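Reading the structure
So the chains spell out like this:
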Amino acid sequence: MTTFLTFYQNLGPALTLLVIGTFLLAGTVKGVIGLGLPTVAMGMLGLAMLPAQAAALLIIPSTVTNLWQLAFGGHLSALLKRLWPMLLLIVIGTGLGTLWLGMDGGHWVVRALGGALLLYALSGLFLPTFKVKPRTERWLGPLCGLVTGLITSATGVFVIPAVPYLQALGLNRDQLVQALGLAFTASTLALAAALTWRGSLGGGEVSASLLALVPALLGMWLGQVVRQRISAVLFKRVFFIGMALLGSHLLVGG
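Here we summarise the structure given alongside this text.

The rules behind each value
Residues numbered from 1 in each chain as written. Predicted model: local features only at pLDDT ≥ 70, side-chain atom pairs only at ≥ 80, totals over all residues. Heavy atoms only, no water. Helix = DSSP H or I, 4+ residues; strand = E, 2+ residues; numbered from the N terminus. Phe/Tyr/Trp six-rings, centres within 6.5 Å; stacked < 30°, edge-to-face > 60°. Buried < 20%, exposed > 50% of the residue type's maximum accessible area, 1.4 Å probe, protein only. Polar contact = N/O pair within 3.5 Å; in protein donor to acceptor, adjacent residues only side chain to side chain. Core = buried A, V, L, I, M, F, W, Y, C linked by side-chain atoms within 4.5 Å. Contact = heavy atoms within 4.5 Å. Salt bridge = Lys/Arg side-chain N within 4 Å of Asp/Glu carboxyl O.

1. Side note on unusual backbone geometry
- Looking along the chain, the bond that leaves Ile160 and enters Pro161 is cis, with omega of -5°.
- One can find Pro161 in the loop between helix H7 (134-155) and helix H8 (162-167).

2. Brief notes about the packing of aromatic side chains
- For the coordinates displayed, the defined rule picks out four aromatic pairs.
- Pairing Tyr120 with Phe239 gives two aromatic rings, centres 6.3 Å apart and planes at 70°, and the pair type is edge-to-face. With Tyr120 in helix H6 (residues 107-126) and Phe239 in helix H11 (residues 232-253), this residue pair connects regions lying 119 residues apart in the sequence.
- With a relative accessible area of 2%, Tyr120 lands in the buried category.
- With 5.3 Å between their ring centres and 45° between their planes, Phe239 and Phe240 make a pair best called tilted.

3. Quick word on the side chain of Thr185
- Along the polypeptide, Thr185 turns up in helix H9 (residues 173-197).
- Classification of Thr185 by relative accessible area gives buried; the value is 8%.
- A polar contact is formed between the side chain of Thr185 and the backbone oxygen of Gly181, at a distance of 2.7 Å.

4. A short note on the nonpolar core
- Core analysis: the largest hydrophobic core is formed by 68 residues, its most contacted members being Phe23, Leu35, Tyr165, Leu166, Leu195 and Phe239.
- Broken down by element, this core gets its largest block of residues, ten residues, from H9.
- Residue contacts for Tyr165: discarding those within four places in its chain leaves Met86, Val132, Glu137, Leu140, Gly141 and Cys144.

5. What to know about the pattern of salt bridges
- In the structure shown here, the tally under the stated rule is one salt bridge.
- For Arg82, the salt bridge is made with Glu137, and the minimal N-O distance between the two is 2.8 Å. Placement of the pair is Arg82 in helix H5 (residues 76-100) and Glu137 in helix H7, with a sequence separation of 55 residues.
- Its relative accessible area of 35% is what places Arg82 among the partly exposed residues.
- Given the relative accessible area of 13%, Glu137 is considered buried.

6. Some thoughts on the side chain of Thr188
- Within the fold, Thr188 resides in helix H9.
- Judged by its relative accessible area of 0%, Thr188 is buried.
- In this structure the side chain of Thr188 is engaged in a polar contact, spanning 2.9 Å, whose partner is the side chain of Ser62.
- At 2.7 Å, the side chain of Thr188 forms a polar contact with the backbone oxygen of Phe184.
- Contact partners of Thr188, with chain neighbours within four places excluded, come to Ile59, Ser62, Thr63, Asn66 and Phe158.

7. Focus: the environment of Gln53
- Residue placement: Gln53 occurs in helix H4 (residues 51-70).
- Residue Gln53 is classed as partly exposed on the basis of its relative accessible area, which comes to 25%.
- Remark: the alpha-carbon pair of Gln53 and Leu195, spanning 142 residues in sequence, is separated by 9.3 Å.

Rendered as structure tokens:
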């Protein structure tokens, strides 16, 4: 695959439309609630292609939207000082997971993806609000980073347990948005390095991922418009229910 045209010609028109629709939806979700682009992309594309192929497509849209997310808020320096152990362990965990596990295309990978989506949805729907104390943060942050990295390497989903952990730190809204952007950026770059090392991310895949950025950015714009007109809490609940159904299907169907 030397060009994105070759990539999408190999996919065919039906899967190409699925890719466009998936990133439009994923961008919309991220525009409304500030997260969910890689989760939606991996879940939807996992229905029709190998997880490694789906993960390669999300690299550029995820990187660009996450950099956009972490660039605003004014807390980047303080968050880096606070969260660097977790970010470092995300990278290390992704590297170790790539060596031990990796998205090799087996049925277990699809089921693992489904399990990760289901776990994320259930945590979003039912996990009670809790707070992490400073003493606990010293060891829990790196542990969450390591586990997040391992799950990322196997499924391409990097929200568990990083998102619930960051939500438990007591950050204000702007800080939380930037913290999520930091964690997602670290995960995306680590995943890109892992896919490149395994030969799943070449020039053709990068070009195809660049094209997927267009519907993702359009979706983010639509999401920001939608956010002004509907309840973000209601939208998030519908999103988690959808992820639970999708994860259950992948987990059972494999």
